Structures are given as structure tokens and as C-alpha cells.
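Listed here are the chains, written in short residue letters.
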Amino acid sequence: MANRITRRKFLISSGLAGIALKSPMLFANTSGNAASSPIMRRIPGMDESIPAIGMGTWITFNVGGDTQLVQQRTRVLKTFFDLGGTVVDGSPMYGSAADVMGEALDSLDAHDRIFAATKIWTGDESETRAEAARSSRRWGVERFDLLQVHNLLGWQGHLETLKQMKANGEVRYIGITTSHGRRHREFAQIMERESLDFVQLTYNVLDHEVEDRLLPLAQERGIGVIVNRPFQGGSLFRRFQSEPLPNWAGEVGVSNWAEFFLKYIISHPAVTCAIPATSKVEHMKENMGALYGALPNAGQRQRMADYVRSL
Ligand SMILES: NC(=O)c1ccc[n+]([C@@H]2O[C@H](COP(=O)([O-])OP(=O)(O)OC[C@H]3O[C@@H](n4cnc5c(N)ncnc54)[C@H](OP(=O)(O)O)[C@@H]3O)[C@@H](O)[C@H]2O)c1
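The model shown is predicted, which means the values in this text are computed figures rather than measured ones. (Residues numbered from 1 in each chain as written. Predicted model: local features only at pLDDT ≥ 70, side-chain atom pairs only at ≥ 80, totals over all residues. Heavy atoms only, no water.)

Visitor: Go over the overall build of the chain with me, naming the residues and quoting the values.
Guide: Within the chain, the regular secondary structure consists of 11 helices and 10 strands. Counting the 311 residues in the chain, one finds 57% classified as buried. Within the chain, contacts between residues separated by at least 24 positions form 79% of all contacts whose residues are at least 6 apart in sequence. (Helix = DSSP H or I, 4+ residues; strand = E, 2+ residues; numbered from the N terminus. Buried < 20%, exposed > 50% of the residue type's maximum accessible area, 1.4 Å probe, protein only. Contact = heavy atoms within 4.5 Å.)

Encoded structure:
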């Protein structure tokens, strides 16, 4: 886990000082699975597991400069930690999100709770270390748990430096990302050739493209998989939220649409973690419900995909 290096003035100015984080095990999830343990996934080849639900920060945490919004997002992050989450995904591309994360971590004194993942996002392949250092300062972490080359931008140079950084202990895990189905052929070639700990890609109940090649390849090569856009940027809710859940939803441990979409993803055997993004405490509670209770088996997953297609 990332270490804390600073404690900012925000702690006092935010009015959030002293709000203690709670043990995740004390909380009931929205499915009422109060007594169950969070669903953990082993990082392939490692003696370390992470919770199968993490969180993204694109757009939702880009609220720097507005004290009230920063405080509100801090509550979202607190809810995430309280309900057992650890993996947070960012990028220098996400505007002020990195600064907001730094402020929120300081105010919650939560640097020992987070599995901090960000990206290298610059076309200048000599800038890998400098960009990682800038992000460390913004998040207030000594080093990242995971650094990923964002959308393969300058991947050759960045990956070489990231390998050195990992060997030196400057980062724990390294990887690459894509989304929206972009550059999958090249992505697969890199997965075949390079030594990666994680890949990040788009997968959800309506977008199955990665099932053909990338997910089996990740299993074969022992690479962890982080799933972005699990709600297709929120459009799954807009499309299906007014529809009824199937009457067998309880059999697959699902009590709302957020759990339906997320449990579909994390029950794929190649998937390590999904990273839904939200700006709302209530939505975070729903999303973290997917970290508890039953998961669908292969037949039930097919039934879930068929059901949404029938709506
Ligand atoms: N190439 C890359 O590396 C890449 C690309 C895309 C994304 N990502 C990462 O993946 C993360 C997730 O993807 P995403 O942010 O694009 O989309 P997403 O997580 O699929 O969807 C986010 C949207 O869903 C809504 N939402 C969340 N929980 C909800 C709930 N329980 N009920 C109703 N609505 C809900 C949010 O609105 P509210 O705020 O109202 O809850 C938000 O508009 C990103 O934040 C980022 O960290 C990486």
C-alpha cells in the first residue's frame, strides 16, 4: 500500500479532520450481506490479493478548487474505504482529480488504506520518472502501487523505464491500459511479449469484445485485469435502470442494477478488479454491494447477458 508523506492543511480547513475510517467488516452492504467477507482476487503470481471492486476517478474527482465538492468527494472516498475498497485508479489526464485525491487522502489519513494506481500519460518517453514523481506529489504518496502506460501512449520508452523503476522498488506493479476497444491487436502483441503485472481494458455486460482474445491471453500469461467503464460511462443505467431486475436476481447475489453490472464483470475468471466511478455516496454504497455475497457461475453469467439483450 502507498505510504503517506504529507499531511495537508486541508485536514483542518475541510472540517473532515477526525472522521475516522471504519473497519469494512462492520458494514452491511445493500444486499444485506453484513456478515460476508469482501470478494478478494489474487494478483496473478503474487502473494497479494485486492478487493474485486475498486474505483475510478475520471470526471467524478475532477472538482479541484471547489471546497464543498472536494469535501463531498472525500465522503465518497471514505464510503469506499469503509465498505472494504482499496484500489483507486487515476491519471494525469483527469484534470484536478489527482490533487483532489491527495487532499481527500490527507483529510481521511488513509494512505495506508489505498492501493494507488495511476498512469503515465505523456508522448515524451523520457518523462516517465518525472511524471510519476509529479503524480506522487499530487496524491501525497511516496510511491504508487501500480503505474500503467495510458492508452499505449509512448509505451515502448515508458515500459522500459517502468521495468527499471519496478526493479529498483520505485513502483510495485506495472501495466498498460486501453479503453473503448482501441488498439486491441497491438495491445495483445504487447501482452504476449512483455512482462506485465496488470492490463486495464473495457469490459461490461454489453461490450464483450475482450472475451475473444485479451481476457484469455491475460489468464494464459498470468496478468491481472482491471476493468474500466464497467457501466459504459453510465449509459447502462440510463438504458436499463427503469427496467425490472430479473426475478432470479437474488440467485446471483444481486439486489440492484449496479450489482448486476459489476457482478457480471468480476465473475469472469480472468478479471481481478472493476473500477466504477461515481460522484455520489449513495451510488458508492450500491457499487460496493457488489463486493459481497454470491457471484454468478458461467451459466448464470450467460443468462445475465441474455437478459439485458432481451430488454
Ligand atoms: N484508457 C483508460 O485508461 C481509461 C478509460 C476510461 C476509463 N478509465 C478508468 O475507468 C474508470 C471508470 O470508467 P468511467 O468513469 O468512464 O465510467 P463508468 O464507471 O462505467 O461510469 C461512470 C458513470 O456511472 C454513474 N454511476 C456510477 N455508479 C452508479 C450507480 N450506482 N447508479 C447510477 N449511476 C452510477 C456515474 O454517475 P454518478 O457520478 O452520478 O454516480 C458516472 O456518470 C474511470 O473513472 C477511469 O479511472 C480508464
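Visitor: Before we move on, can you summarise empty space enclosed by the protein with the specific residues and values?
Guide: The full count for this structure, using the stated rule, is one cavity of 30 Å³ or more. By volume, the largest cavity amounts to about 40 Å³. Residue lining of the largest cavity: Thr57, Gly90, Ser91, Tyr94, Ala97, Ala98, Met101, Thr118 and Trp139, and that is the complete set. Considering each element in turn, the lining of the largest cavity owes the most residues, three residues, to helix α3 (residues 97–108). (1 Å grid on protein atoms, 1.4 Å probe; cavity = no way out; pocket = protein on both sides within 12 Å on 5 of 7 lines; lining within 4 Å. Points joined across faces, edges and corners; volume = space filled by probe spheres on them.)

Visitor: I'd love a proper account of the nonpolar core, names of residues and values included.
Guide: Of all hydrophobic cores here, the largest spans 84 residues; its most connected members are Leu77, Trp139 and Phe260. If one sorts the elements of this core by residue count, helix α9 (residues 257–266) sits on top with eight residues. The next biggest cluster of nonpolar side chains, apart from the first, holds 11 residues, and it includes Val87, Phe115, Phe198 and Cys273. (Core = buried A, V, L, I, M, F, W, Y, C linked by side-chain atoms within 4.5 Å.)

Visitor: How would you summarise the pairing of strand β8 (residues 198–202) if you had to cite specific residues and measurements?
Guide: Counting buried positions along β8 gives five out of five residues, so the element sits mostly inside the fold. Burial of the side chains of β8 extends over both faces: Phe198, Gln200 and Thr202 are buried on one face and Val199 and Leu201 on the other. Strand direction decides the pairing type here: strand β7 (residues 171–177) and β8, joined by three bridges, are parallel. Across the sheet, the residue bridging to Ile176 is Val199, located in β8. In terms of strand pairing, β8 meets strand β9 (residues 224–228) through five bridges, oriented parallel. Note that in β9 the partner of Phe198 across the bridge is Gly224. (Pairing = 2+ DSSP bridges.)

Visitor: Could you give me a rundown of the sheet that holds β7, with the residues and numbers involved?
Guide: The eight strands lie next to each other as β3-β4-β5-β6-β7-β8-β9-β10, forming an open sheet whose pairing is parallel. Each edge of the sheet is formed by a strand with only one pairing partner; in this case those strands are β3 (55–56) and β10 (273–274).

Visitor: I'd like a description of the environment of Asp306, backed by residues and values.
Guide: Here Asp306 lies in helix α11 (residues 298–310). Of the residues examined, Asp306 reaches a relative accessible area of 38% and is grouped as partly exposed.

Visitor: Quick rundown of a nonpolar patch on the surface? Include the residues and the values.
Guide: Judged by side-chain polarity, Trp58, Ile59, Met93, Trp121 and Leu153 come together as a nonpolar surface patch covering roughly 470 Å² of accessible area. Its location among the elements puts Ile59 in the loop between β3 and α2 (67–82). (Patch = residues over 30% accessible without salt bridge, like charges linked within 9 Å, V, L, I, M, F, W, Y side chains within 5 Å. Areas by Shrake-Rupley, 256 points an atom, 1.4 Å probe, with all protein chains shown as cover. Salt bridge = Lys/Arg side-chain N within 4 Å of Asp/Glu carboxyl O.)

Visitor: Any chance you could break down the packing of aromatic side chains for me, citing the residues and the numbers?
Guide: With the rule as written, the count across this model stands at 17 aromatic pairs. Each residue in the set Phe231, Phe237, Phe240, Trp248, Trp257, Phe260, Phe261 and Tyr307 is aromatic and connected to the rest through ring pairs, giving one cluster. Positioned above the aromatic ring of Tyr264 is the side chain of Arg301, whose terminal nitrogen or guanidinium carbon lies 4.3 Å from the ring centre. (Phe/Tyr/Trp six-rings, centres within 6.5 Å; stacked < 30°, edge-to-face > 60°. Lys NZ or Arg CZ within 6 Å of the ring centre and 35° of its normal.)

Visitor: Help me get a handle on the environment of Phe80, residues and values and all.
Guide: As for its placement among the helices and strands, Phe80 is situated in helix α2. Accessibility expressed as a relative area gives 0% for Phe80, which makes it buried. C-alpha of Phe80 to C-alpha of Ile53: the two residues are 27 residues apart in sequence and 9.5 Å apart in space. Ignoring anything within four residues of it in the chain, the contact list for Phe80 reads Ile53, Gly54, Met55, Gly85, Thr86, Val87, Val88, Met284 and Met288.

Visitor: Residue-level account of the side chain of Ser135, with values.
Guide: With respect to the secondary-structure elements, Ser135 resides in helix α4 (residues 128–139). Discounting residues that sit within four places of it in the chain, Ser135 has contacts with Pro92, Thr118 and Phe144.

Visitor: I'd like a rundown of the packing of α9 against helix α10 (residues 281–289), residues and numbers included.
Guide: One way to put it is that α9 packs onto α10 with a least axis distance of 7 Å and a crossing angle of 45°. Here α9 is positioned oblique relative to α10, judged by the angle of their axes. α10 is crossed by α9, and the crossing has right-handed handedness. Contacts between α9 and α10 involve Ala258, Glu259, Leu262 and Lys263 on the former and, on the latter, Glu286, Asn287 and Gly289. Here the residues of the contact of α9 with α10 are counted per class, giving two nonpolar, two polar and three charged. (Axes fitted to C-alpha atoms, helices over the stretch in contact; angles between N-to-C directions. Parallel < 35°, antiparallel > 145°, perpendicular 65-115°, else oblique. Left-handed = near helix turned anticlockwise from the far one by under 90°. Nonpolar A, V, L, I, M, F, W, Y, C, P; charged D, E, K, R; others polar.)

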